[in-house]
Amino acid sequence: MADGGTSSLLPLLLCLLLFHTECKGDTLASEFRKKPNFIIILADDIGWGDLDANQAEQKTNNTPYLNVMAQQGLRLTDFHSPASTCSPSRAAILTGRYGLRNGVTHNFGVNSVAGLPLSEVTFPQLLQKAGYYTAMIGKWHLGHNGAYGPTNRGFDYYLGIPYSNDMGCTDIPGYNVPPCLPWVPWLRPAGCYSKMGLPLIENNTVVEQPLNLWTLTEKYISAALRIIHNARERGKPYLLYFAPAHMHVPLAPPLTDSTDSAYAASLRELDSLVGAVKTASDETDGDNSLIWFTGDNGPWEQKCQYAGSVGPFRGTWQTSKGGGSAKRTTWEGGHRVPTVAYWPGRIPANTTSSALLSGMDIFATVLSLAGVEPPTDRRYDGFDASNILLHQEQRGREFLFHPNSGASGKFGDLQTARTGKHKAFYITGAAEACGGGTGQQQLHDPPLIFDLDHDQAEDTPLEVDTPEYQDVAERIARRREELLWDIASDQSVSTADYSTDSSAAPCCDPTQPMCRCHTLR
């Protein structure tokens, strides 16, 4: 009797267990779906004035898709890259820490042995641990050997170039001034970076070397759409970190007539890439996806007609004395970058914020929105901008420091500072300008201070003996001293290994001269 009763209950118990398991699975999937997706698009060497919406009076039409995204989202007009060159900016974005903390103060190269110190924690790593599917497409530039590659720093999938698109030779000319010649192992034309073939890497494998830059956008878009469209099947929220290098040196030839510049054509191709990603996101899980577009630093001025627009941020105090005031400098043109945030139903449409923000703030903001806590064993320099994005809060950072990025001083040192509308320079210097001119490095004690509300061009500093100057100088000096002491006492400070070895260069087939192989992809 007892055995018969147990047997008759067994199917019911199995059904209840199955129902509980399915419900639990549905609950977990539902929890994942509630977590937002993140698409971070980091353009290379793009100027603040390259975004049409930032200079409506110019009546250009190079960024129609980004213009629509700005109309449907939030345009951040006082947003700054964490540094004015590639590797330091990207390291600070991923770690939420100044280069003096994360160790990356200048660029890595083709023969770099290491990269972003392994002691550093990236926000993709933290999202990955929290159940996110994480993918990266594009320029990495934080180390390409072994543990330093993207798939070991928080990404489940990677497709891209390990550094800049001009740091290797190609069979088809496509960049530089004048255009680099087709790839020839024994010939290194002036201005062309390397005799090594430019590699395309998928995960940890070189799949094409030298790659064809003209087909790269198509490959990138295809991979991005696959990642976005497959999100629902994975049942996980996702992070897509998309870092196209189109503007570093223009990738696209003129697309219309002879009056169309290569830079404008490349900018439109970058914009179309953004449009394709936005459309795919809107069609899948758009109301649960934040798209954040920004730049890694300002335009590369020495490239002349192949460089972008700084808009009104011309740094004329410096340019009047010789040299350039964009990439590699701490003048506004070097680090103020076009930035748009878009999240249907969450970020109010057609809004603008002049809150002072930095690319380092992506770290804190994304983790906050994902409900992920960063490790407590280190100090951070990021600011949670969630309320600025979602609730139209206008107050951003009280202070922001700009590290030396090659034009003057020691790499990484924090000798330029912002607070409110004021900007102070303890050192000035110019990068190479179009035509080759450079300016002299100058130390300033007391510092030069500009009022950016009334002097966007940074032309005329405040008079030292005014109360306004004295107040600003005192507040910045106090905060700078506090920050430098904080960094000096920070036990989590990392040191990057900048050693090089020719064997460290990415190579698809070491038996071939200069690593040439057929396209595998």
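The rules we used
Residues numbered from 1 in each chain as written. Predicted model: local features only at pLDDT ≥ 70, side-chain atom pairs only at ≥ 80, totals over all residues. Heavy atoms only, no water. UniProt positions renumbered as here; feature names shortened; annotations may be inferred. Helix = DSSP H or I, 4+ residues; strand = E, 2+ residues; numbered from the N terminus. Contact = heavy atoms within 4.5 Å. Buried < 20%, exposed > 50% of the residue type's maximum accessible area, 1.4 Å probe, protein only. Core = buried A, V, L, I, M, F, W, Y, C linked by side-chain atoms within 4.5 Å.

The name an unreviewed UniProt entry assigns to the protein chain is Arylsulfatase G, from the organism Gouania willdenowi. Taken verbatim from the UniProt record of the protein chain, the Cofactor (unreviewed entry) comment is "Ca(2+)". What the UniProt record of the protein chain gives under Sequence similarities (unreviewed entry) is the line "Belongs to the sulfatase family."

Locating Thr-351 in the fold gives a position in strand β11 (residues 351–353). Those residues in contact with Thr-351 that sit more than four places away from it in its chain are Gly-73, Leu-74, Arg-75 and Gln-392.

Here the focus is helix α11 (residues 361–370). Extensive coverage of α11 is indicated by the burial of eight of its ten residues. Taken together, the buried positions of α11 are occupied by Asp-361, Ile-362, Phe-363, Thr-365, Val-366, Leu-367, Leu-369 and Ala-370. A positive phi of about 70° marks Gly-371, the residue just after α11.

Here we come to the environment of Ile-449. Turning to its location among the elements, Ile-449 is positioned in strand β16 (residues 442–451). Judged by its relative accessible area of 0%, Ile-449 falls in the buried class. Ile-449 sits 26 residues away from Lys-423 along the chain, and the two C-alpha atoms are 5.4 Å apart. Excluding residues that lie within four positions of it along the chain, Ile-449 makes contacts with His-422, Lys-423, Ala-424, Pro-461, Leu-462, Tyr-469, Val-472 and Ala-473.

Attention now goes to the nonpolar core. With 48 residues, the main nonpolar core has Leu-240 and Phe-242 as its most contacted residues. When neighbours within four sequence positions are excluded, Phe-242 is seen to be in contact with Ile-40, Ile-41, Leu-42, Ile-137, Tyr-220, Ala-224, Leu-273 and Val-277. Of all hydrophobic cores here, the second largest spans 47 residues; its members include Leu-74, Met-136, Trp-140 and Phe-155.

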